[in-house]
Amino acid sequence: MKIAIVEPNFHGHHLSYVSHLVAAAAAIDAPTTVHLSEAAKTSEEFENFLANADAEFSFDLPKATPGRLRTYRQTQRAITIAVKSARPDVLVYPTADFAAVGNGLLRLFGPRV
């Protein structure tokens, strides 16, 4: 089972969550690709939580701006990049809060969102 983990926002606690997911995937010998932005590679958070993780890393996502909500379309883009790149069996987006809200807004208001 191939797993792709998508996290465009590497600030704060986000990569801590990703590190727990990577560890769980490693425990079941699941090949895992973590998709992050290029800026994440040199971050303190990456060094603290993922530098020695048992996963493949792809720095192919657009950088998320801390303190601002990512739009639903940006979330879709990050997921699309990961799926096309890794072709996973399982996709994990640990902080997809706005994706859930975006789905609801799209159902309620249609493509105007």
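Residues numbered from 1 in each chain as written. Predicted model: local features only at pLDDT ≥ 70, side-chain atom pairs only at ≥ 80, totals over all residues. Heavy atoms only, no water.

Student: I'd like a rundown of the pairing of strand β3 (residues 56-61), residues and numbers included.
Tutor: Examined bridge by bridge, strand β2 (residues 32-37) and β3 share 4 bridges and lie parallel to one another. Looking across to β3, one finds that threonine 33 is bridged to glutamate 56. Following the backbone out of β2, through helix α2 (residues 44-49) and into the adjacent parallel β3, one traces a crossover that is right-handed. (Pairing = 2+ DSSP bridges. Helix = DSSP H or I, 4+ residues; strand = E, 2+ residues; numbered from the N terminus. Right-handed = clockwise from strand over helix to strand, strands pointing away.)

Student: Describe the nonpolar core, listing the residues and the values that go with them.
Tutor: Soluble globular proteins tend to pack their nonpolar side chains together in the buried interior. Counting 13 residues, the largest nonpolar core has Ile5, Leu15, Val18, Val22, Val34, Leu36 and Leu50 as its most contacted members. Of all elements in the fold, only β1 (3-6), α1 (14-27) and β2 reach the threshold of two or more residues within this core. No other element matches the 4 residues that α1 contributes to this core. Sequence-distant contacts of leucine 15, defined by excluding residues within four places in its chain, comprise Glu7, Phe10, Leu36, Ser43, Glu45, Phe46, Phe49 and Leu50. One finds Val6, Ala78, Ala82 and Tyr93 within the second-largest nonpolar core, a separate group that totals 5 residues. (Core = buried A, V, L, I, M, F, W, Y, C linked by side-chain atoms within 4.5 Å. Buried < 20%, exposed > 50% of the residue type's maximum accessible area, 1.4 Å probe, protein only. Contact = heavy atoms within 4.5 Å.)

Student: Quick rundown of α1? Include the residues and the values.
Tutor: Here α1 contains 14 residues, and its C-alpha end-to-end distance of 21 Å stays within 8% of the 20 Å for a straight helix at 1.5 Å per residue. Along α1, the residues that are buried comprise His14, Leu15, Ser16, Val18, Ser19, Val22 and Ala25. In the core, the buried residues of α1 are packed alongside β1, β2 and α2. Phi turns positive one or two residues past the end of α1, at aspartate 29, with a value near 55°. (Expected span 1.5 Å × (residues − 1).)

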